[in-house]
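Descriptive structure summary
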Amino acid sequence: MAVDGEGMSLPTPTLRTARLRLRPFSDADADALFALHSSAYVLRYWDSPPWSEHARAERFITACRQMAEEGTGARLAVDRLSDGTFIGWCSLTGWNPDYRSASMGYCFNEAAWGHGYATESARAVLQWAFDTLDLNRVQAEADTRNAASARVLGKLGFKREGTLREDCIVNGEVSDSWVYGLIKREWQPSSVPLPAP
């Protein structure tokens, strides 16, 4: 795949893991997406307040298509294979072909927490990023209070590189973020951590 040239589209892939299917968003995802992003509990460490209007979901899906057309990234809806349920999303944004870098993000509904789905889907997106897009670096940020996200990034091999002090103010609440980086030469696609004894 050629990765140079302006305005190149970046087709959103469909990826499969043992338990999940990652695919482009469709208009049919609007209700489930709104349910996810309107939950104050799910978004308590997010960099913006929960959604209060359904139109936000439609705008989000439109933005996903625009991102693919402009070649700046890919945001994938994540379905559980066992029952086809939408459980969240995983993304690669800010793709820079010159620097061979991008940023990763994800959001999963509360019922999906604690099952390793975020790690499993992010690993599939990282595999695509390093193999197909030939990225050298993927960056991620997480609220310093978000221990679960820090664990996910640690399992994937990300290194904590620094702190963005007071970088978010949501509903008057100031928070810091940790910055994480993963370099291609450190990436171990099959590094599934063994369960603790």
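For the structure, see preceding data.
Report on the accompanying structure.

Cut-off values and rules
Residues numbered from 1 in each chain as written. Predicted model: local features only at pLDDT ≥ 70, side-chain atom pairs only at ≥ 80, totals over all residues. Heavy atoms only, no water. Helix = DSSP H or I, 4+ residues; strand = E, 2+ residues; numbered from the N terminus. Polar contact = N/O pair within 3.5 Å; in protein donor to acceptor, adjacent residues only side chain to side chain. Contact = heavy atoms within 4.5 Å. Expected span 1.5 Å × (residues − 1). Buried < 20%, exposed > 50% of the residue type's maximum accessible area, 1.4 Å probe, protein only. Core = buried A, V, L, I, M, F, W, Y, C linked by side-chain atoms within 4.5 Å.

**What to know about the side chain of Arg-80**
With respect to the helices and strands, Arg-80 occurs in strand β3 (residues 74-80). Within the local environment of Arg-80, its side chain forms a polar contact with the side chain of Asp-83, the two groups lying 2.8 Å apart. Among residues more than four places away in sequence, those in contact with Arg-80 are Arg-19, Leu-20, Thr-85, Ile-87 and Tyr-117.

**Quick look at helix α3 (residues 117-131)**
If you check α3, its first and last C-alpha atoms are 21 Å apart, about what 15 residues at 1.5 Å a residue would give, namely 21 Å. Of all the 15 residues making up α3, 13 are buried; the element is thus mostly covered by neighbouring parts of the structure.

**Focus on the nonpolar core**
Across soluble globular proteins, nonpolar side chains show a tendency to be buried alongside one another. If you look at the biggest cluster of nonpolar residues, it comprises 38 residues, and the most contacted ones within it are Leu-92, Met-104, Leu-126, Leu-135, Val-138 and Phe-158. Those elements that provide at least two residues to this core are β2 (20-24), β3, β4 (86-96), β5 (101-108), α3, β6 (137-143), α4 (147-156) and β8 (173-183). Top contributing element to this core by residue count: α3, with nine residues. If we ignore the near neighbours within four places in the chain, the residues touching Met-104 are Ser-91, Leu-92, Ala-122, Leu-126, Val-138, Gln-139, Ala-140, Leu-153, Leu-156 and Phe-158. Of all hydrophobic cores here, the second largest spans 16 residues; its members include Phe-34, Leu-36, Ala-77 and Cys-107.

**Digging into unusual backbone geometry**
Its identity as a non-glycine residue notwithstanding, Arg-100 has a phi of 55°, on the positive side. Along the chain, the position of Arg-100 falls in the loop between β4 and β5. Backbone geometry at Asp-134 places phi at a positive 55°, although glycine is not the residue there. Inspection of the secondary structure assignment puts Asp-134 in the loop between α3 and β6. For Asp-134, a relative accessible area of 34% translates into the label partly exposed.

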